[in-house]
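Examination of the molecular architecture
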Amino acid sequence: MIDIFAKHAGLRESYDGLTATSPRNPFEVVIERPVSASVGIIEGRETLLFGTNNYLGLSQSKKAIEAAVETAETMGVGTTGSRIANGTFGLHRKLETRLAEFFRRKHCMVFSTGYQANLGTISALVNKDDVLLLDADSHASIYDGAKLSGAQVIRFRHNDPVDLEKRLARLKDHPGAKLIVAEGIYSMTGNVAPLDKFVDIKTRHGAYLMADEAHSFGVMGTHGRGVAEVQGCEDGIDFVVGTFSKSLGTVGGYCVTDHDGVDLMRLCSRPYMFTASLPPEIIAATMAALEDMQEHPELRTKLQDNAARLHAGLQKAGLKTGEHISPVVAVTLETVDQAVAFWNALLENGVYVNLSLPPATPDNRPLLRCSVMAAHSPEEIDRAIAVFGEVARHFGL
């Protein structure tokens, strides 16, 4: 019999090599329980959490917790069906209405995860006759949506409007639709996209533009509508996709738009059609967290202050970070062994961050990826900076 896992021999070799030299498996860290939004118990001790994407700290929202408990008690814990069968409750429609109003759009579709939102939106919008233009550093869910769609894929250089326009110009005689996909904040590096420039380009070339605001929803803009709001180009974005699992602290995803074809998307988006819908208590918690976010704009101000504090502190410690100040602050290292040792030392000294390794990183160099929260105190941020500095000195960095 052929070994069905033989195709993964290279992965096995890399994985075994990594775990053989590390005192713990970086991909199997267990947070035994959260103490607060910013502190969790890992390996039996309190640890500062700088790798959770819980940007506004709303996973611990009292309002969201109470809404989830009340809804579970009155409506049960699941829908047992997809959105096109028995899985659309009144709460699902209510959340879609509220999100459409929040983004000032006509329509909204709610998906069961953020991953499925990208998969389902992209695969419903384009097919084999169309062209997708993707930022080279796009999230895996965007690339997977492209595969599912069957569309021709053209990559343009990361955050490079000139390269995008050059590639679009070559498609002037292509008969199919052209969809540009970019992210507001890029999840690995924290880089911010020039969406306003992409809007100008798509308008000149008759293309559509989809923005994945997963890491900028609730984080940027006066009202929390993301990078497009900050850059004043919301009306030029055709489709906005995002997730509830970052700023709102729950789970699920969405697509909002002013295009009237959403009713057709609901009938041809396989990730929307063929999965169970979100449980009612998650919908209720999400709506409560959205209300919390809207009622407390000071959380965004605190988050930006905290991001600037961590970014400046890590740079002062002599570590290499990206140029953009955002809630994602990544420290770039040179080798995997160096990164694994550094990550272990951070955890042993009470700071948890994400270890990101090639090929998942943009330039094939390992990253120590930090995500900042509004819930972090200045003292917690300073402690994390101090630990980073101590570990860097220990390794001669």
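It should be emphasised that the depicted structure is a prediction, and the values quoted were computed from it without experimental measurement. (Residues numbered from 1 in each chain as written. Predicted model: local features only at pLDDT ≥ 70, side-chain atom pairs only at ≥ 80, totals over all residues. Heavy atoms only, no water.)

1. A short note on the side chain of Glu229
In this structure, Glu229 sits in helix α8 (residues 227–230). Within polar-contact distance, the side chain of Glu229 engages the backbone nitrogen of Gly224 at 3.3 Å. Not counting residues up to four positions away in its chain, the partners in contact with Glu229 are Met220, Gly221, Thr222, His223, Gly224 and Glu234. (Helix = DSSP H or I, 4+ residues; strand = E, 2+ residues; numbered from the N terminus. Polar contact = N/O pair within 3.5 Å; in protein donor to acceptor, adjacent residues only side chain to side chain. Contact = heavy atoms within 4.5 Å.)

2. Details of the domain arrangement of the protein chain
Per the domain assignment, the segments of the protein chain are domain 1 (17–56 + 297–394) and domain 2 (62–295). Using only C-alpha atoms to locate each centre, domain 1 and domain 2 end up separated by 27 Å. On the domain 2 side, the residues contacting the 19 residues of domain 1 number 24 residues. Roughly 1,700 Å² of surface becomes buried between domain 1 and domain 2 when both sides are summed, with 55% attributable to carbon and sulfur atoms. (Domains from an automatic or database assignment. Buried area = accessible area lost by both parts, 1.4 Å probe.)

3. Section: the packing of helix α3 (residues 90–103) against helix α11 (residues 280–295)
Between α3 and α11, the least distance of the axes is 9 Å, while the angle of their chain directions is 25°. Relative to α11, α3 is oriented roughly parallel. In this structure, the crossing between α3 and α11 has a hand that is left-handed. Touching Leu91, His92, Lys94, Leu95, Arg98, Leu99 and Phe102 of α3 are Pro280, Ile283, Thr286, Met287, Leu290, Glu291, Met293 and Gln294, all from α11. When its residues are assigned to classes, the contact of α3 with α11 shows 9 nonpolar, 3 polar and 3 charged. (Axes fitted to C-alpha atoms, helices over the stretch in contact; angles between N-to-C directions. Parallel < 35°, antiparallel > 145°, perpendicular 65-115°, else oblique. Left-handed = near helix turned anticlockwise from the far one by under 90°. Nonpolar A, V, L, I, M, F, W, Y, C, P; charged D, E, K, R; others polar.)

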